[in-house]
Amino acid sequence: MRTSAAEGAAVPFRGLAAFLWTEVLVQAHENLAMATSIVVQGVLLVFVWILAPSLIGVALVGAVLFSMFAMGQRVLNEAAYIRIDHKANDLYLAGPLSPEAYFLGMSLGILVVYLTPVVAVGVLAEVVIRFSLVEAATLLLLALAVWVFAASIGYVFSTFFRDNRAIWAYSSLFFNVFGVLPPVFYPFDRFPAGLQPVALLMPPSAAAAILQNAIGATSLSSGELSLAVFGLAAESTLLFLLAILWARRTVQEV
Amino acid sequence: MSVEALRSEDLRKIYTQRGAPPVTALAGVSLNVHRGERVALLGRNGAGKTTFLKIASTLLRPTSGTIEVFGHDVGRAPEKARPYIAVVPQEGKPFFHLTPREQVYTYLRARGLGREVARSRTEESLERMGLTEFADRLAITLSGGQRQRTMVATVIATEAPLLFLDEPSIGMDPFARRDVWESLRNLTRRGSTILLTTHYLDEAEALSDRLYIIERGEVLVTGTSEDLKRSVGGTLKVSLAGGARVVESFRSFGSCVADGEHLTVIVAPERLGELMELAVRSHLTATVGPVTLEEAFLRVVGRSINED
Ligand SMILES: Nc1ncnc2c1ncn2[C@@H]1O[C@H](COP(=O)(O)OP(=O)(O)O)[C@@H](O)[C@H]1O
Ligand SMILES: [Mg+2]
């Protein structure tokens, strides 16, 4: 009997490292995409530099957070593409690889490959702002939370499509509504006062507001700060858990 | 008593979509695959083969009925069944930016195999599927058939206890198809069980211990390909050039199919002499050959279509 190797089914995150590595290999061939991944951020930085050079520090921090958010859109596109065009779900998920390892491995693989330009922007931000250790740690933590949120929502969203073309329309919406429009690249207090609570509930702008507050580029009331911190923490955690459950559920189509 | 590798009972699948009438893809399929068996699922396009394989491989929820993989209920506890299986999906493709060697190796690693085992299985599988020459080229530069070979190499390398292959040899040249057959035979020798679909009836005949013909979501017949061929009334086939004109005089020998000028008659060996005499008297040129599975399939499924 050769079925004994199969005992001990359903280990959470089984296969994570190996699938992460697979995705890194897959993504690493996309040199051009890696370079263009930073174009939107670069353009917005140039705008800020021309229009309000004093805000370039804020914009650089925004660019880091925005980039982390944009990784989620890559997860959305990648997950849908390999499922629809390559039948990768059928190949990988009808087997011992756990669905959450598939989701997380794919997301981390994309992150690893596309992180270099983001780190470059982060270094530039450091040069301009001269972060304290606490501020640098805060930025890292916020970037992580934004990424978790974006990757999770990207994966969940990807499962709703049967056709890759339909995604294009949504991805730019996603990108612009969460990342470009709200105060990510510019100070939180310039955002219309009535809409500020909304911005504090959107992960990229919440993270930006917290960091701007830390470096003195904006000043949040303690209520606003709590809303941003707890909102971001809750949204990232919940979305991550949802994505894991969703990944497990959607292996089997209805 | 050991459990079956696969067992389904009264399995039904009705696809429902908003704004479209429901489609009954499986209308109560009961079948079983014994351990170590190679079973082919045959049927016309849309018969329900892919639907069955998707349900069996835990990728699609059945509407009703039960299905078990090594005794694990696929509908209720799919995660228990998954470690036993591997799938070549219909129209699957390897990652374009991996080489066949990377594709097979990383896949085995993602399934939890250790480095050493994964490496040696990868090399063996690439060799078996005739991919050694292309093993280090990105899949995007490979031909369709070479990509399909990569998919098959990836999945057979798992040596999973139960393999599902949905049209695995599609787009392959006759040599590659034979590589697939040999690889699958080798797998069952090592103890794996195989359920595959194919539209190449010579493949089904060469490869499967047993087959099921599915038509409109129901099992029409099951048995060996010999059983199936016998069921159409004879094991010999006589082609009569120009015989279409006189089809009536040959009806008594067995099933007759006119194709243009030609007439094909399926006949039992005992009556061959009698038939040949009639052919000579009618000034017809006759060619005798064995009945193929394809002919048996056409007749069995054709009969079922005509009944409605
Ligand atoms: N996702 C789906 N939604 C609705 N109908 C479907 C879907 N998938 C397959 N079908 C229908 O179910 C039937 C069986 O399809 P399938 O199992 O793919 O057949 P086969 O693999 O034998 O060619 C067909 O009539 C097909 O149109
Ligand atoms: Mg099919």
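Residues numbered from 1 in each chain as written. Chains lettered and ligands numbered in written order. Predicted model: local features only at pLDDT ≥ 70, side-chain atom pairs only at ≥ 80, totals over all residues. Heavy atoms only, no water.

1. Considerations on the overall build of chain B
Condition: In DSSP terms, a helix is any run of H or I states spanning at least four residues, a strand is any run of E spanning at least two, and both are numbered starting from the N terminus. Contact definition: two residues touch when any of their heavy atoms are within 4.5 Å. Working definition of accessibility: Shrake-Rupley area with a 1.4 Å probe, residue cover restricted to the visible protein chains. As used throughout, the charge tally considers Lys and Arg to be positive and Asp and Glu to be negative, leaving His and the chain termini uncounted. In plain terms, the charge of a residue is placed at NZ if it is Lys, CZ if Arg, CG if Asp and CD if Glu.
A tally of regular secondary structure across chain B gives 11 helices and 14 strands. Each of the three principal axes of chain B carries a C-alpha extent, and together these read 70 × 45 × 45 Å. Counting contacts in chain B only where the partners sit at least 6 residues apart, residues at least 24 apart contribute 69% of the total. A total accessible area of about 13,300 Å² is found for chain B, and carbon and sulfur atoms account for 51% of it. Taken as two groups, the 40 positive and 39 negative side-chain charges of chain B have centres that lie 5 Å from each other.

2. What to know about the site of ligand 1
All names here are of chain B. The following threshold applies: If even one non-hydrogen atom of a residue comes within 4 Å of a molecule or strand, that residue is called near it. The term polar contact refers here to a pair of N or O atoms within 3.5 Å; inside protein, the definition further demands a hydrogen-donor-capable atom paired with an acceptor-capable atom, and it admits residues adjacent in sequence only when both atoms are side-chain atoms.
In the region of ligand 1, the neighbouring residues are Y15, Q17, V23, A25, R44, N45, G46, A47, G48, K49, T50 and T51. Within the contact set of ligand 1, an oxygen atom lies 2.7 Å away from a backbone nitrogen or oxygen of G46. In isolation ligand 1 has 560 Å² of accessible area, and contact with the protein removes 69% of it. Looking at the shell around ligand 1, the elements that each hand over two or more residues are β1 (6-17), β2 (20-33) and α1 (49-56). No other element matches α1, which puts 3 residues into the shell around ligand 1.

3. Considerations on the confidence of the model for chain A
Stated formally: Per-residue confidence from the prediction method is given by pLDDT, with values spanning 0 to 100.
In this model, chain A carries a mean pLDDT of 92, and residues with pLDDT of at least 70 account for 96%. With pLDDT under 50 throughout, residues 1-8 of chain A is counted as low confidence; its partners more than four residues away or in other chains account for 14 contacts.

4. Focus on the coordination of the magnesium ion (ligand 2)
Using the following cut-off: Note: metal donors comprise N, O and S atoms at 2.8 Å or less from the metal (3.2 Å for Na, K and Ca); water molecules are not included, so apparent gaps in a site are possible.
Ligation of the magnesium ion (ligand 2) by protein atoms is provided by T50(B) (OG1) and Q90(B) (OE1), these donors lying 2.0 to 2.4 Å from the ion. Here T50(B), found in helix α1, pairs with Q90(B), found in the loop between β6 (85-88) and α3 (100-110); they are 40 residues apart in sequence, far enough to count as distant.

5. Describing the pattern of salt bridges
Residue and element names in this part refer to chain B. Selection rule: Any carboxyl oxygen of Asp or Glu that lies within 4 Å of a side-chain nitrogen of Lys or Arg is treated as forming a salt bridge with it. Burial classification: accessible surface area is computed with a 1.4 Å probe over protein chains only, and a residue below 20% of its type maximum counts as buried, one above 50% as exposed, and the rest as partly exposed.
Counting across every chain of the model gives 30 salt bridges over all chains. For the salt bridge of R230 with D227, the shortest nitrogen-to-oxygen distance reads 3.3 Å. Here R230 and its partner D227 are both found in helix α8 (residues 225-231), 3 residues apart, which amounts to about one turn of the helix. Judged by relative accessible area, D227 falls into the partly exposed class, the value being 34%. Taking the shortest distance from any N to any O, the salt bridge between E295 and K237 comes out at 2.9 Å. A residue pair is termed long-range when its members are at least 10 positions apart, and E295 in helix α11 (residues 293-307) and K237 in strand β11 (residues 236-241) qualify at 58 residues.

6. A few points about the pairing of strand β8 (residues 193-197) of chain B
Regular strands show a simple pattern: their side chains alternate between the two faces of the sheet. Residue and element names in this part refer to chain B. Definition in use: Between any two strands, at least two bridges found by DSSP are needed for them to pair. By convention, a crossover is right-handed whenever its connection, traced from the first strand over the helix to the second and viewed with the strands pointing away, goes clockwise.
Among the 5 residues that make up β8, 5 are buried, leaving the element largely enclosed by the rest of the structure. Because side chains alternate across β8, one face comprises the buried residues T193, L195 and T197, and the other comprises I194 and L196, equally buried. As defined by bridge partners, strand β3 (residues 38-42) adjoins β8 across 4 bridges and the pair is classed as parallel. Among the inter-strand pairings, V39 is bridged to a residue of β8, identified as L195. Bridge analysis of strand β7 (residues 162-166) against β8 gives 5 bridges, and the strand direction is parallel. Within β8, the position partnered with F164 by the bridge is L195. Handedness of the crossover is the feature at issue here: the chain leaves β7, passes through helix α6 (residues 174-189), returns alongside β8, and the resulting connection is right-handed.

7. A look at the interface of chain A and chain B
Tallying the contact residues gives 37 residues for chain A and 47 residues for chain B. Counting the contacts that link chain A with chain B gives 2 salt bridges. The shortest N-O distance in the salt bridge between D90(A) and K54(B) comes to 3.9 Å. Taken together, the elements giving at least two residues each to the side of chain A that touches chain B come down to α1 (16-28), α4 (56-84) and α5 (88-93) of chain A.

8. Description of the packing of helix α6 (residues 99-129) of chain A against helix α7 (residues 133-158) of chain A
Residues and elements named next belong to chain A. For the record, the criterion: In this description, a line fitted to the C-alpha atoms serves as the axis of each element, helices being fitted only across the stretch in contact, and the angle between N-to-C directions of two axes falls anywhere from 0 to 180 degrees. Working definition: roughly parallel below 35 degrees, roughly antiparallel above 145 degrees, roughly perpendicular at 65 to 115 degrees, and oblique for all remaining angles. We call a crossing left-handed when the near helix sits turned anticlockwise from the far one by less than a right angle, and right-handed when that turn is clockwise. In this classification, the charged set is Asp, Glu, Lys and Arg, the nonpolar set is Ala, Val, Leu, Ile, Met, Phe, Trp, Tyr, Cys and Pro, and all remaining amino acids, among them Gly, are polar.
Closest axis-to-axis distance for the α6/α7 pair is 10 Å, and the angle between their directions is 125°. Judged by the angle between their axes, α6 and α7 are oblique. Once α6 is placed against α7, the crossing between them reads as right-handed. Packed against α6, whose contacting residues are Y102, F103, L104, M106, S107, L108 and L111, the element α7 presents W147, A151, S152 and Y155 at the interface. Class assignment for the residues of the contact of α6 with α7 results in 9 nonpolar, 2 polar and no charged.

9. A short note on the sheet that holds β11(B)
All names here are of chain B. Strand order across the open sheet formed by 4 strands is β12-β13-β11-β14, with antiparallel pairing between neighbours. What marks the edges here is a single partner per strand, and that holds for β12 (256-259) and β14 (285-290). Strand-to-strand twist in this sheet, taken as the mean axis angle between neighbours without regard to direction, amounts to 20°. Where β11 meets strand β13 (residues 262-267), 5 bridges bridge the pair, whose relative direction is antiparallel. Bridged to L240 within β13 is L263. Seen against the sheet, helix α10 (residues 272-281) touches β11, β13 and β14 and runs at an angle of roughly 0° to β11.

10. Regarding the sheet that holds β6(B)
In any sheet, the strands associate via hydrogen bonds between backbone groups, in a parallel or an antiparallel arrangement. Residues and elements named next belong to chain B. With respect to topology, 6 strands assemble into an open sheet ordered β6-β7-β8-β3-β9-β10, the strand pairing being mixed. With one partner strand each, in any of the chains shown, β6 and β10 (218-223) form the two edges of the open sheet. With strand direction ignored, the average angle separating the axes of adjacent strands in the sheet is 15°. Strands β3, β7 and β8 of the sheet are contacted by α1, whose axis makes an angle of about 150° with β7.

11. Let's talk about helix α4 (residues 115-128) of chain B
Residues and elements named next belong to chain B. Inclusion rule: Each helix should span, by expectation, one fewer than its residue count multiplied by 1.5 Å. In this context, the arc is that of the directions from the helix axis out to the C-beta atoms.
Compared with the 20 Å implied by 1.5 Å per residue over 14 residues, the 20 Å span of α4 between its first and last C-alpha is a close match. Listing the buried residues of α4 in full gives A118, R121, T122, S125 and L126. Taken around the axis of α4, the buried residues stretch over an arc of 130°, which confines them to a single face. Projecting away from the buried face of α4 at angles above 90 degrees are the exposed residues E116 and E127. On the buried face of α4, the contacting elements are α3 and α5 (144-156). Where α4 terminates, the next one or two residues include G130, which has phi positive at roughly 65°.

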